[in-house]
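Examining the three-dimensional arrangement
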Amino acid sequence: MGSKERYHWLAQDVKVSGVDDMVLLSKINEDTITENLKKRYMDDYIFTYIGPVLISVNPFKQLPYFTDREVDLYQGAAQYENPPHVYALADDVYRNMMIDCENQCVIISGESGAGKTVAAKYIMSYVSKVSGGGDKVQHVKDIILQSNPLLEAFGNAKTVRNNNSSRFGKYFEIQFGRGGAPDGGKISNFLLEKSRVVSQNPGERNFHIYYQLLEGASGEQRENLGVTIPDYYNYLNQSGTFTVEDVNDKKEFSDTLGAMSVVGLSMEDRDSVIQLVAGILHLGNINFREENNFAVVESADFLAFPSFLLGIPQDALCSKLTSRIMDSKWGGKSESISVTLNTEQACFTRDALAKALYSRLFDFLVDCVNRAIQKDREDFNIGVLDIYGFEIFQEEYVQEGIKWTPIEYFNNKVVCDLIESKLNPPGIMSVLDDVCATMHAKGDGADQTLLQKLQGQVGSHQHFSSWNKGFVVHHYAGKVSYDVSGFCERNRDVLFNDIIELMQGSEFPFIRALFPENLEADKRGRPTTAGSKIKKQANTLVQTLMRCTPHYVRCIKPNETKRPRDWEESRVRHQVEYLGLRENIRVRRAGYAYRRLFSKFLQRYAVLTKETWPTWQGDERQGVLHLLKSVNMDQDEFQLGKTKVFVKAPESVRRHAATTQLFLLEEMRERKYNGYARLIQKAWRKHVAVRKYVKMREEASDILLNKKERRQNSLNRNFVGDYIGTDVHPEIRQFVGRRERIDFADVVIKFDRRFRMVKRDLILTPKFLYLIGREKVKQGPDKGQIQEVLKRKVELANIQSVSLSALQDDIFIVHQQDYDSVLQSVFKTEFLSLLVKRHHEKTQSNLPLKFNNLLEFKVKKGGWGPFSSSGSRQIQFQLGQGDEAVLKPSGKVLRVSIGPGLPKSSRPTRRDNRKSFYRENRAAPTAQNDSGPHNGGVGTRRGSSSRGASLRQQSNMEQPSLPRLQNRHRRNSGHAQHVDMGFMNVPDQGAAGLQRRRSKELKPVPGAGRPKPAPKSKPRSPQCRALYAYDAQDTDELSFNMDDVIEILTEGLSFRSVGLVVWTPSRTRGNVPRKLRGEDLDVEVIAN
Ligand SMILES: Nc1ncnc2c1ncn2[C@@H]1O[C@H](COP(=O)(O)OP(=O)(O)OP(=O)(O)O)[C@@H](O)[C@H]1O
Ligand SMILES: [Mg+2]
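A brief report on the enclosed structure follows. As the structure is a prediction and not an experimental result, all values here were calculated from the model.

All right, on to the coordination of the magnesium ion (ligand 2) then. At this site the magnesium ion (ligand 2) is bound by Thr117 (OG1) and Ser166 (OG), with donor distances of 2.0 to 2.1 Å. Placement of Thr117 in helix H4 (residues 116-130) and of Ser166 in strand E5 (residues 165-166) is noted, with a sequence separation of 49 residues between them. The exposure class assigned to Thr117 is buried, which follows from its relative accessible area of 16%. Looking at Ser166, the relative accessible area reads 23%, which means it is partly exposed.

Structure below.
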């Protein structure tokens, strides 16, 4: 395994392979381009850019970078942030549509087997993943994605070049509603290769569906449809190839059936489709022999199945295949005569019927998909064209009057004219149509006439030559020879009327519906030819594409072996040539990468200046200039055309300058939007959190309602859950299961059998309640040190009840089978509500809560002296003075007295008492500077200061991370220190403040008064200062304020990054390194 394979492809510091944008190649020719692609391909980087054009080399193996992780990574990222990827292109397409409110299209080109269809699928699945939407949208998405296996089953086949070759062209539009969720779509299909239905070359197969049916048919289907081995059928056995490596036709059959149902075909229609597929197969088995120069059906037995499956009488089928009704004109009269066919003509008619049935079936399936996803109103769409390429460039500069150096490239127009010019001289298609129009009923001799006429009309064209059987066209990609035999007949593409009539008489409505022609009306006028239909389709497609912003993917096929890592240099070079990559790069370099209509430009960057927001009032051109000025765009970086602004290609300078003008524009725009988006998010989260907390508070409070007096400050406080910050305390977490969630954690006081108070960490998880204490190690190398010890672990189901007094004190007793725990916590209400909930989840029964001013608890067996025996103790509560409980132990009774609290009927108010959130949140980092004295003891280290910090943070809704603030490294921020932090002080420290005071007084001091070890002198690390504030966007990032000084532990150049990524000690999470990200360039190193 090569070293690179040990890394994730996006890991930091991975070797960079070649250049990922070929605009950056120092020398541009076919060799350097091919070499660069090879280098990358061998390192498993199949994607490379030429500016915004994506080159994709077929890897012939599954690469690991198409997971949800990459979907996340590319979402909303700028092109230069991540390595080239089809997801980056797809993201750009989607975002452009949303931002500019313009239709987009992706044009995917490349030869057979180069990966066009796979790329198209990645694009569609990416768009489907990143666009939102509810159930209805999900339904549309399902259909869009499921239309692939369906249309592939019927429209793809194994060829020698590609085991899953698309034998039809497809333009797939996904339509979006205003909110950006896909709510409709449309498929246009072109040029299904009908000839494959009746014949295939060696090594190839018919369309997949046939083999799927033969493998996957049920017993009943086999019988009813006459399904047997492929060798039996003429339409399948000519090529000697029946299977495809790594393809399980049986499974694919069930997928195809599943897809049919997703796109909404009824059970009945599905059966009809399958029956027709079988019918076509059987049609192919009707053979003819010559009798007196006429064709007769060889064996009438073979008529039975097709006529049964197509729902037509056997004799009608027989006669229509061997004779034809012709209209002929004699003088002014027209007359119908029946002409008998020879075997060749009979075979032709049979095959024409088979092809017509199949192609109409295919169109029916496409229609089904379209019907299922069509919508009445179109907003915007993204189209993906999986067909050979169209491209428009250069002319735009001329139209707009832009000065630039034109690049020479092969202009395919000369070939296009040769093929489709109408006049002067007429092109090949026109000549063909003319020959067809004057052709007699039988096409004999027409093909030769065609060849002669072509010689006469275009024989001297430099891209045309002829050979003995036909002609040759010199296309851009190479020479192609065309055999003229059958050209005219095929171009006529008319199904003889009597065949249409035959099918219109089928007993099956499904088949009748495939032949909707009105034969009487169609008789008039020149029949349309295949050539003219194609031309019409192509023109419509071009018109559609012209209305979209185009994006290009060029696929390259590296070999003909279909094996991974196999690089056939000459083949790739050839593709590089005819795909025009060299010209692409040169155009990008010489030209202007970015062009936009003035109005669109103004709209996109309106947010950047006051004058342009929300709309620029005045001349558009001036507005554009104003915006360009606002970012100090250099005069020679852009040009203004008649309607568009052109900005120079930023790629060529991107390695040298961190932010080019164009990126600057984009970046500033993003920043503004991000800022607003964050504000909205914060407000929303706040709103949700407030509601959640209010509900929690009320639920908790209801437990004590009318049972117990309440403390002044406990009613309206918010619940934090983890008051210890167990995330950063592995010494505590060690006792809890790895996947166990901690619902509640707090430092509490535990009373022992003599009513002595000790501190415990109380942890509640969905399964257990833990009490963790600290003890001095008595032996071993750690002797004398204080260590965490699990004192008690109780399954929630084993807790019998909890009892409390009716006064405002914080004491509660957890009763269990063997002995009880007497605890004291100011957060008892929160704890109890969670305990009750979890207990119920475990046992489906309600945990009994008892309220009484005389409580009893069981103590553990063992010990010595007067308290040795097991037995019980009592706590007597009585009304006294003040908010602080006064404890008086006497023998086996503890007397607790406390003043009156809030009435038992108190409930929290619905008021949002968290107004200070933003201020608190922002000022929080310096909070620990004044968080009270630290006495260095183990308990107090975490105990009191943590409580102090957490109490002050209770009002922060992003609560889970808050207690960790205590662990932040001290900040050196001069800036922050000048800010008046007075408002941070808790006005009334309430019970928590009391507890903090008390825990300091608690004896013995945990840590046994050990002197605090002197801090080790640390080697000084380099530091940097933040030039801007940055809000962390992800869990591994670091937030910082302007002027913050950050220590750098290690540093490294990020993969493809434009700046330095610095790894710092985390100020919020122990020693986990964090990235300074997003604003990578916004720090300057100030000390070393
Ligand atoms: N990104 C890819 N990752 C893995 N395999 C791929 C990738 N792209 C293509 N392939 C492999 O190459 C085969 C051919 O790709 P695909 O069908 O997309 O070619 P195509 O350009 O659509 O060809 P055709 O014009 O014949 O339809 C796929 O079936 C798959 O095995
Ligand atoms: Mg394909």
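Following the structure, the description resumes.
Looking now at the packing of helix H16 (residues 428-437) against helix H17 (residues 446-458). Relative to each other, H16 and H17 sit at 140 degrees, their axes nearing to 10 Å. Our classification of the angle between H16 and H17 gives oblique. Between H16 and H17 lies a crossing whose hand is right-handed. Where H16 approaches H17, its residues Ile428, Val431, Leu432 and Val435 are matched on the opposing element by Ala446, Thr449, Leu450, Lys453, Leu454 and Gln457. Each residue belonging to the contact of H16 with H17 can be placed in one class, and the counts come to seven nonpolar, two polar and one charged.

Moving on to unusual backbone geometry. With an omega of -5 degrees, the peptide bond running from Trp613 to Pro614 counts as cis. With respect to the element layout, Pro614 can be found in the loop between helix H25 (598-605) and helix H26 (620-630). Backbone geometry places Cys101, a non-glycine residue, at a positive phi of 50 degrees. Of note, Cys101 is situated in the loop between helix H3 (86-100) and strand E3 (104-109). Of note, the phi angle at Leu191 is positive, near 50 degrees, even though the residue is not glycine.

Scanning the entire structure with this criterion turns up 25 aromatic pairs. Note on Phe66 and Tyr87: the rings are 5.9 Å apart at their centroids and 90 degrees apart in plane angle, and the pair reads as edge-to-face. Of this pair, Phe66 sits in the loop between strand E2 (53-57) and helix H2 (68-74) while Tyr87 sits in helix H3; the two residues are 21 residues apart in sequence, bridging distant segments of the chain. Both residues of the pair, Phe66 and Tyr87, count as buried. Within the aromatic cluster, the residues linked to one another by ring pairs are Phe47, Tyr65, Phe66, Tyr87, Tyr122 and Tyr126. The ring of Phe768 has Lys793 lying over it, and the distance from NZ or CZ to the ring centre is 4.3 Å.

Bringing the sheet that holds strand E26 (residues 821-824) into the picture now. What the eight strands build is an open sheet, ordered E23-E22-E21-E20-E26-E25-E24-E27; its pairing is mixed. Every other strand in the sheet has two partners, leaving strand E23 (786-795) and strand E27 (849-851) as the edge strands with one partner each. Strand-to-strand, the axes of this sheet are offset by a mean angle of 35 degrees, without reference to chain direction. Pairing between strand E20 (residues 744-751) and strand E21 (residues 757-764): eight bridges, direction antiparallel. Bridging from a neighbouring strand, Phe744 pairs with Leu764 of E21. Strands E20, E21, strand E22 (768-776), strand E24 (799-804), strand E25 (811-816) and E27 of the sheet are contacted by helix H30 (residues 828-843), whose axis makes an angle of about 155 degrees with E24.

Calculation notes
- Residues numbered from 1 in each chain as written.
- Chains lettered and ligands numbered in written order.
- Predicted model: local features only at pLDDT ≥ 70, side-chain atom pairs only at ≥ 80, totals over all residues.
- Heavy atoms only, no water.
- Donors = N, O, S within 2.8 Å, 3.2 Å for Na, K, Ca; no water.
- Helix = DSSP H or I, 4+ residues; strand = E, 2+ residues; numbered from the N terminus.
- Buried < 20%, exposed > 50% of the residue type's maximum accessible area, 1.4 Å probe, protein only.
- Axes fitted to C-alpha atoms, helices over the stretch in contact; angles between N-to-C directions.
- Parallel < 35°, antiparallel > 145°, perpendicular 65-115°, else oblique.
- Left-handed = near helix turned anticlockwise from the far one by under 90°.
- Contact = heavy atoms within 4.5 Å.
- Nonpolar A, V, L, I, M, F, W, Y, C, P; charged D, E, K, R; others polar.
- Phe/Tyr/Trp six-rings, centres within 6.5 Å; stacked < 30°, edge-to-face > 60°.
- Lys NZ or Arg CZ within 6 Å of the ring centre and 35° of its normal.
- Pairing = 2+ DSSP bridges.

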